[in-house]
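Examination of the molecular architecture
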Amino acid sequence: MDYSTKVIIFTAPSGSGKGSILARVLPLFEDIAFSVSATTRSPRKGEINNVHYHFITAEQFQNHVKNNDFLEWEEVYEGTFYGTLKSETYSLLNQGKHVLFEVDVKGALAIKSYFKDRALSIFIQPPSLEELKKRLIERGTENEKTLQQRLKKAETEILQAHLFDKVVVNYELDKACTEVEEILRNFLSQN
Ligand code: 5GP
């Protein structure tokens, strides 16, 4: 494995603006590759299989669990599974890429304890739970049940933000993007 490559772990409650930040910042770093997770949830409008996620069935997911194919996996929401495939991670690292993971808090802590100082964990915090709820409603991807699930998870995750190496509060998208870009440049320039 190429140990000069690094690992970046990006965590943020659903609706905190993480997608927008990544969409702006990632194209600035040619040497960072996004690790595509596997999930049993259905694709949202605009999501592409094997680009945003590997959309797989519950049975396929269980087979990966049985075969020990995941670096980490979680039942993030009741009945919906997400996981990081070891094959995906090592293939990118071996190509000489830094790898960026977009996972929940538990996944982030698992990946951080696996890669230790080779990894930097960043938590994107919404300005408030009210603002998060507003953004999730505006996004229009959730029904009442999934909205409540996501808000409850966000509340728990925000309380764990201090476990991350860096916390960026997304008051304003431009500022949050600049902050994330600086954090990444700093981390990647260190030996
Ligand atoms: P969404 O359904 O909004 O795409 O993602 C829901 C949650 O699952 C987010 O918090 C996201 O970070 C998390 N997630 C996505 N992929 C993975 C993964 O591979 N492992 C873990 N633990 N969480 C993931």
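Residues numbered from 1 in each chain as written. Predicted model: local features only at pLDDT ≥ 70, side-chain atom pairs only at ≥ 80, totals over all residues. Heavy atoms only, no water.

1. Let's talk about the packing of aromatic side chains
For the structure on display, the rule yields nine aromatic pairs. When the ring of Trp 73 is compared with that of Phe 81, the centres are 6.1 Å apart and the planes differ by 40°; the resulting orientation is tilted. Judged by relative accessible area, Phe 81 falls into the buried class, the value being 15%. Arranged with centres 4.9 Å apart and planes meeting at 80°, the rings of Tyr 114 and Phe 115 form a pair that is edge-to-face. Since its relative accessible area comes to 46%, Tyr 114 is described here as partly exposed. Overall, Phe 115 belongs to the buried group, its relative accessible area being 8%. Among the aromatic residues, those joined into a cluster by ring pairs are Phe 61, Phe 70, Trp 73 and Phe 81. Across from the ring centre of Phe 187, 4.6 Å away, lies the NZ or CZ of Lys 6, which sits over that ring. (Phe/Tyr/Trp six-rings, centres within 6.5 Å; stacked < 30°, edge-to-face > 60°. Buried < 20%, exposed > 50% of the residue type's maximum accessible area, 1.4 Å probe, protein only. Lys NZ or Arg CZ within 6 Å of the ring centre and 35° of its normal.)

2. Some remarks on the site of the ligand
In the vicinity of the ligand there are 18 residues, among which Ser 37, Tyr 53, Glu 72, Tyr 82 and Glu 102 approach most closely. Separating an oxygen atom of the ligand from a backbone N or O atom of Gly 83 is a distance of 3.3 Å. Contact distances for the ligand include 3.3 Å between an oxygen atom and a side-chain N or O atom of Thr 84. For the ligand, whose unbound accessible area comes to 510 Å², protein coverage reaches 97%. Among the elements of the structure, β5 (70–77) and β6 (80–85) are those that each provide at least two residues to the shell around the ligand. (Near = heavy atom within 4 Å. Polar contact = N/O pair within 3.5 Å; in protein donor to acceptor, adjacent residues only side chain to side chain. Areas by Shrake-Rupley, 256 points an atom, 1.4 Å probe, with all protein chains shown as cover. Helix = DSSP H or I, 4+ residues; strand = E, 2+ residues; numbered from the N terminus.)

3. Here's the deal with the sheet that holds strand β1 (residues 7–11)
Whether parallel or antiparallel, the strands of a sheet pair through hydrogen bonds between backbone atoms. Pairing is parallel in the open sheet, where five strands are placed in the order β2-β7-β1-β8-β9. Only two strands of the sheet have a single neighbouring strand rather than two, namely β2 (32–34) and β9 (166–169). Ignoring which end each strand starts from, the neighbouring axes of this sheet average 25° apart. Pairing of β1 with strand β8 (residues 119–125), which is carried by five bridges, proceeds in the parallel orientation. Bridged to Phe 10 within β8 is Ile 122. Together, β1, β7 (98–102) and β8 form the strand contacts of helix α4 (residues 105–115), whose direction differs from that of β1 by roughly 165°. (Pairing = 2+ DSSP bridges. Axes fitted to C-alpha atoms, helices over the stretch in contact; angles between N-to-C directions. Contact = heavy atoms within 4.5 Å.)

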